[in-house]
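# Overview (structure and organization)
Okay, here's what each chain looks like letter by letter:
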Amino acid sequence: MPRLQKNPTLYPHPFSKAYWRDAALELKDVRILVFTALMIALRVAMKNLRIPVFPPNVYINTAFFINALSAMVFGPVVAILSAVITDTLGCILVPSGPYFFPFILTEIGGGLIFSLFLYRVRLTPTRVILSRFCINLFVNILLNAPLMYLYYQMVLGKSYVMFQIPQIAKNLFMFPIESVLLTIFLSILAPVLYRNGMIYDKGEGLKIRGKQIALLVVLFAVGVASVVGYLYYYYSTNSISKDFTPEERYTVNCTMTDHVDDRTDLWQDENTVCIVESAHKKFFEGETTYNVLVYTLDKEALDAKIAEARAEDPDSTYGLAEIHGYSKTPASKDDVLTLVGEATIVCQDKTGQVLSFAVSEIVEPAE
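Residues numbered from 1 in each chain as written. Predicted model: local features only at pLDDT ≥ 70, side-chain atom pairs only at ≥ 80, totals over all residues. Heavy atoms only, no water.

### Concerning unusual backbone geometry
Which entries qualify depends on this criterion: Under the DSSP-based scheme used, a helix requires at least four consecutive residues in state H or I and a strand at least two consecutive residues in state E, with every element numbered from the N terminus.
Even without being glycine, Arg120 reaches a positive phi, approximately 50 degrees. Relative to the assigned elements, Arg120 resides in the loop between α4 (104-118) and α5 (125-156).

Right, here's the structure in full:
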């Protein structure tokens, strides 16, 4: 079979029709397709191959070396198809939990970003550094966080803090190390690939100098500032109570009920039911502010409603336990509860100690 003749043009950026036309033509090159198959096999085999840095939690996942190398050769069009196949085969051959289709977006995102920075360009350490920075920040942190949240909620039925500090710190800390190692790795293999007509730049510019070290420092600082700023905004404006599982909501509501019973005599303890309306975690301060609605329970009405529910459905779970697991809306609709007060309770996250407590009655207006 005659070798496919391709345009050896290098592009300064991917924002041109010619760039994407050449990227699409890679699908017609048998050598590229064979190379792609080999890279897919390698990536699947290396999914769980890690280089420990600070065991057991900080490590380098070696698959990203193959991802960058292959993206540099076959470009964004093949990279997207390759990512789909890699993710599917990885879940079948090297499963690490229940399959969750949206995770495919992280595979696609990594391959696409590497391609946009490294395919058909003059290879430089700056491009390698920027590609790794974008993947760590936009894919590993900003994209992966909501996907993990959905995975835990929809598949595992558990709560998940969308932005976890250890995961973020790991990506920021590893970014400079991974960038340097990737630059060295590509500088070794680029001349070999060039001689075999797989890429169109020898890689002679892949030498880290002072300005690249300065870039690493600046990007690291930008990443830290961006993530800290976003986390501060996120925790300041979003209630974590919306992410509670039924079990967590029950536990927190019961805990708040105990705090109210212990600290005020406004209502009879045995008739008090507290429902968490919102909960705001203070970023880096280790404490959470709970805004609580205080209800009194009509026990006679509750007994009558339980009997009615079980008469209609013998398997009904309606009762005091279900009420203690309410969120704001179902509590407001249950006529066995009467809203009588509000409380603001600040608790230390580690110990559960109450740091501040304030409660006020809600008085019904006179008719």
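### Notes on helix α3 (residues 63-93)
Our working definition: To estimate the expected span of a helix, count its residues, drop one, and scale the result by 1.5 Å. We define the bend at each residue as the angle formed by axes fitted to the 7 residues ending at it and the 7 residues starting at it.
Across its 31 residues, α3 extends only 15 Å between first and last C-alpha, which sits more than 12% below the 45 Å expected from 1.5 Å per residue. Of all bends in α3, the biggest is about 125 degrees, found at Gly75, and the proline Pro76 comes one to four residues later.

### Quick look at the pairing of strand β3 (residues 272-282)
Looking along a regular strand, one sees the side chains alternate between the two faces of the sheet. Applicable threshold: Only when DSSP finds a minimum of two bridges between them are two strands counted as paired.
Examined bridge by bridge, β3 and strand β4 (residues 287-297) share 10 bridges and lie antiparallel to one another. If you follow His280 over to β4, its bridge partner there is Thr289. A loop of four residues connects β3 with β4, the two strands running antiparallel in sequence, and Phe284 in this loop sits at a positive phi of about 65 degrees.

### Some thoughts on the packing of aromatic side chains
A ring pair, where both rings are aromatic, is described by two values, the distance of the centres and the angle of the planes. Short version of the rule: Any two of the Phe, Tyr and Trp rings considered here, Trp counted by its six-membered ring, make a pair once their centres fall within 6.5 Å; the pair's planes then place it as stacked at under 30 degrees, edge-to-face at over 60, or tilted in between. Remark: exposure states derive from per-residue accessible area (1.4 Å probe, protein chains only) relative to the maximum for the residue type, with buried under 20%, exposed over 50%, and partly exposed in between.
Evaluation of the coordinates by the stated rule reveals 11 aromatic pairs. On the basis of an interplanar angle of 80 degrees and a centroid distance of 5.9 Å, the ring pair of Tyr151 and Tyr152 is categorised as edge-to-face. Tyr152 sits in the partly exposed class, given a relative accessible area of 24%. Here the aromatic residues Tyr11, Tyr19, Trp20 and Tyr119 are joined through ring pairs into a cluster of three or more.

### Some words on a negative patch on the surface
So the rule is basically this: Exposure above 30% relative accessible area and the absence of a salt bridge qualify a residue for a patch, where like charges join within 9 Å and nonpolar side chains (Val, Leu, Ile, Met, Phe, Trp, Tyr) within 5 Å. Note on areas: Shrake-Rupley, 1.4 Å probe, and residue coverage restricted to the protein chains presented here. For this document, the term salt bridge refers to a Lys or Arg side-chain nitrogen within 4 Å of an Asp or Glu carboxyl oxygen. We treat Lys and Arg as the positive residues and Asp and Glu as the negative residues; His and chain ends play no part in the count. Just so you know, the charge point we use is NZ for Lys, CZ for Arg, CG for Asp and CD for Glu.
Taken together, Asp258, Asp262, Asp265, Asp269 and Glu270 make up a surface patch of like negative charges. Along the chain, Glu270 turns up in the loop between α8 (246-263) and β3.

### Considerations on the sheet that holds strand β6 (residues 354-361)
Our working rule: Convention adopted: a line fitted to C-alpha atoms gives each axis, helices being fitted over their contacting stretch, and angles between N-to-C directions are expressed from 0 to 180 degrees. When checking whether two residues touch, look at their non-hydrogen atoms; a contact exists if any pair is within 4.5 Å.
Ordered by their spatial adjacency, four strands build an open sheet running β3-β4-β5-β6, and the pairing between neighbours is antiparallel. Each of the sheet's edge strands pairs with one partner strand only, and the pair in question is β3 and β6. Geometrically, the sheet is characterised by an average inter-axis angle of 20 degrees between neighbouring strands, direction not taken into account. As paired strands, strand β5 (residues 337-348) and β6 are joined by seven bridges and run antiparallel to one another. Note that in β6 the partner of Val346 across the bridge is Ser356. Relative to β3, α8 is tilted by about 110 degrees, and along the sheet it contacts β3, β4, β5 and β6.

### Let's talk about the layout of surface pockets
Note the cut-off: Think of a 1 Å grid over the protein atoms and nothing else: a 1.4 Å probe that fits but is trapped marks a cavity, an open set flanked by protein within 12 Å on at least five of seven lines marks a pocket, and residues with an atom within 4 Å of a point count as lining. Grid points are joined across faces, edges and corners, and a volume is the space filled by probe spheres set on the points. Note on residue classes: Ala, Val, Leu, Ile, Met, Phe, Trp, Tyr, Cys and Pro are nonpolar, Asp, Glu, Lys and Arg are charged, and everything else, Gly too, is polar.
The calculated volume of the largest pocket comes to roughly 1600 Å³. When contributions to the lining of the largest pocket are tallied by element, the ones reaching two or more residues are β2 (58-61), α3, α4, α5 and α6 (165-195). Among the elements that take part in the lining of the largest pocket, α5 stands out by supplying nine residues, more than any other. The residue makeup of the lining of the largest pocket, split by class, is 21 nonpolar, 16 polar and eight charged.

### What to know about the nonpolar core
Our working definition: Nonpolar core, defined: a set of buried Ala, Val, Leu, Ile, Met, Phe, Trp, Tyr and Cys residues in which side-chain atoms within 4.5 Å join the residues together.
Of all hydrophobic cores here, the largest spans 35 residues; its most connected members are Met72, Phe114, Leu118, Leu123, Leu182 and Leu186. Looking at this core, the elements that each hand over two or more residues are α2 (30-45), β2, α3, α4, α5 and α6. By residue number, the principal contributor to this core is α3, which donates 11 residues. Counting residues in hydrophobic clusters, the runner-up holds 32 residues, among them Phe244, Cys274, Val292 and Val354.

### Examining the environment of Val84
Mapping Val84 onto the fold places it in helix α3. By relative accessible area, which is 32% here, Val84 ends up partly exposed. Residues contacting Val84, with those up to four places away along its chain left out, are Ile104 and Ile108.

### Describing the packing of α5 against α6
How we decide: Any angle from 65 to 115 degrees is called roughly perpendicular, while one under 35 is roughly parallel, one over 145 is roughly antiparallel, and all others are oblique. Two helices that cross are described as forming a left-handed crossing if the nearer one is turned anticlockwise from the farther one by less than a right angle, and a right-handed crossing if clockwise.
Viewed as axis vectors pointing N to C, α5 and α6 meet at an angle of 150 degrees, and their least axial separation amounts to 9 Å. Between α5 and α6, the angle falls in the class roughly antiparallel. Our pair here, α5 against α6, has a crossing hand that is right-handed. For the pair α5 and α6, contact is made by Pro125, Val128, Ile129, Arg132, Phe133, Asn136, Asn140 and Ile141 and by Ile168, Asn171, Met174, Phe175, Glu178, Ser179, Leu182, Thr183 and Leu186, respectively.

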